[in-house]
Amino acid sequence: MSSSNGGETLQEVQDACRDRIAKAIKLEDRIKLQNALEEAEDLGLNGDLVDKAYALIKDLLGKSVSEGGIEKKTPEKKDNPDIEQDLESALKAEMALLPPESKEKLSQIDLFAEKQMAEGNDMKAIEAMEMALIFRRNNFGLNSTQVYVYREKVAREYNRLSVVLMEQDKFAECAELLEKAQILGELYPNVVAVTYNNLGCFYRKKGQNRTALNYLREALNVEKTLADSPINISDTHLNLCAIYSELKKHKEAYFHVRLAIRHIAVELYGRTLGSLEDPSDYEVNEGVEEGRIISFTAALFNLAVQLEFLGKWEQSLRAYEKVANFVGVHKVPQQLKQTILAARSKAIPKLQKKMSKQRTVQQGRAHREMTLTMSRARTPFSPGAKKTKKTKGKTPQKQMNVELENKLRQWSMYDAGDQH
């Protein structure tokens, strides 16, 4: 039996692929199904499991976020205070029906989870929250308001902690939490958007850019349906910019970073900014979080880099100046500021040299066009003048052909003379 490059046999690779398909079916994750089925096709896998996966994909493709389901199942509490009030009333009503001893036990579990989270014991806090969710399901019922509300809370915590683990390169633990977030968060579009975004970042960090791209596109599709997304849509555009840049698709990266800048500018200044406007000339709106200023800094820097990749030297130089001015008047992490200023210092002489070379080429082209125009002006066209045919020197091969033709012509004449 043949072996793969990693030392695994073909059978082991196929079994691993089947496991991925089975897990994706369980999660009803269309993106994971698509990726697993692409791998299965390369390996020549077929059978009931593959057929089931294709049938599920077809079913999932038939459901859209806007029509199918998850948006209709989940009320937007921030947009509808009446729904929020109804939820609070339902929570209190359900809790009132719980026996005192059960109520006390649930309260202890909730307090323990909160204490562990406050002390930074994230994994213990998660375990306690999972216990609290199970307790609610067993005592209130799967379709109760208590379970519905707390389930969303746990899914959000899974996402929060997954980011912490991702930054620590603890990929196995991170992947496990993100899978749980997908299962618990499927009813809540806001959570779905966050989970897809985190999955995009997760796979990008692992170097699987194609999978990361698929998840971020899905996140963007969900966010577009939400009036109040928990993730600023600009962050998704920034993540897409980063992945497209790594894939050397700089036009697409440029497109997404421009959209990110437009969205963040509205947050910071209440309007979009023109290409010639310098953001550092304006005051940021009150109440803007520091994180949004950092995101805007990253977007401005990425814009300069993408313009440089696209050969737009002058625009890139202006963009570098803008981001340098911005970090000069706003508080950003020192490491980010140093990175930006160092990149700008390195880019300026290179861009100026390319701009100078570009101007030289343009001036040379303009001079040639002017010379040609003046030459035509000195020799006006005369209707009666005959056009002189340009004579070109004959190549050796053409000269030899002419001599042969002459000889053939002479021989033909001699033959004709002999016949007379």
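Residues numbered from 1 in each chain as written. Predicted model: local features only at pLDDT ≥ 70, side-chain atom pairs only at ≥ 80, totals over all residues. Heavy atoms only, no water.

1. Focus: the overall build of the protein chain
Check the secondary structure of the protein chain and you find 17 helices and 0 strands. Counting every position in the protein chain, which comprises 420 residues, the buried fraction comes to 37%. In the protein chain, of all internal contacts separated by at least 6 residues, the share reaching a separation of at least 24 is 61%. Carbon and sulfur atoms provide 52% of the accessible area of the protein chain, an area that totals close to 26300 Å². (Helix = DSSP H or I, 4+ residues; strand = E, 2+ residues; numbered from the N terminus. Buried < 20%, exposed > 50% of the residue type's maximum accessible area, 1.4 Å probe, protein only. Contact = heavy atoms within 4.5 Å. Areas by Shrake-Rupley, 256 points an atom, 1.4 Å probe, with all protein chains shown as cover.)

2. A few points about unusual backbone geometry
In this structure, Asp 169 is a non-glycine residue whose phi angle is positive, near 60 degrees. Here Asp 169 is to be found in the loop between helix H8 (145–167) and helix H9 (171–185). What makes Asp 169 partly exposed here is its relative accessible area of 45%.

3. Comments concerning the pattern of salt bridges
Per the stated rule, a full pass over the model turns up 17 salt bridges. Residues Glu 157 and Arg 160 are paired through a salt bridge, measuring 2.5 Å at the closest nitrogen-oxygen approach. Highlighted residues: Glu 157 and Arg 160, both in helix H8, separated by 3 residues, approximately one helical turn. Note on Glu 157: relative accessible area 10%, which makes it buried. Residue classification places Arg 160 among the partly exposed residues on the basis of a relative accessible area of 36%. Glu 277 is paired through a salt bridge with Arg 271; the nearest N and O atoms lie 2.9 Å apart. What you see here is one network of salt bridges that share partners, running through Asp 122, Glu 157 and Arg 160. (Salt bridge = Lys/Arg side-chain N within 4 Å of Asp/Glu carboxyl O.)

4. Overview of a positive patch on the surface
A cluster of basic side chains, namely Lys 251, Arg 258, Arg 262 and Lys 312, defines a positive patch on the protein surface. Here Arg 262 shows up in helix H13 (residues 250–269). Assessed through its relative accessible area of 52%, Arg 262 is described here as exposed. (Patch = residues over 30% accessible without salt bridge, like charges linked within 9 Å, V, L, I, M, F, W, Y side chains within 5 Å. Lys, Arg positive; Asp, Glu negative; His and termini not counted. Charge placed at Lys NZ, Arg CZ, Asp CG, Glu CD.)

5. As for the state of the cysteines
For the structure on display, the rule yields 0 disulfides. No disulfide involves Cys 201; its nearest neighbouring cysteine sulfur is the one of Cys 174, lying 9.7 Å away. (Disulfide = S-S within 2.5 Å.)

6. Here we look at the packing of helix H7 (residues 122–140) against H8
Interhelical geometry of H7 versus H8 gives an angle of 160 degrees and a closest axis separation of 10 Å. When the axes of H7 and H8 are compared, the pair comes out roughly antiparallel. Read as a crossing pair, H7 and H8 show a hand that is left-handed. Between H7, through Asp 122, Met 123, Ile 126, Met 129, Glu 130, Ala 132, Leu 133, Arg 136, Arg 137 and Phe 140, and H8, the contact on the second element is made entirely by Gln 146, Val 147, Tyr 150, Arg 151, Lys 153, Val 154, Glu 157, Tyr 158, Arg 160 and Leu 161. Counted by class, the contact of H7 with H8 contains 11 nonpolar, 1 polar and 8 charged residues. (Axes fitted to C-alpha atoms, helices over the stretch in contact; angles between N-to-C directions. Parallel < 35°, antiparallel > 145°, perpendicular 65-115°, else oblique. Left-handed = near helix turned anticlockwise from the far one by under 90°. Nonpolar A, V, L, I, M, F, W, Y, C, P; charged D, E, K, R; others polar.)

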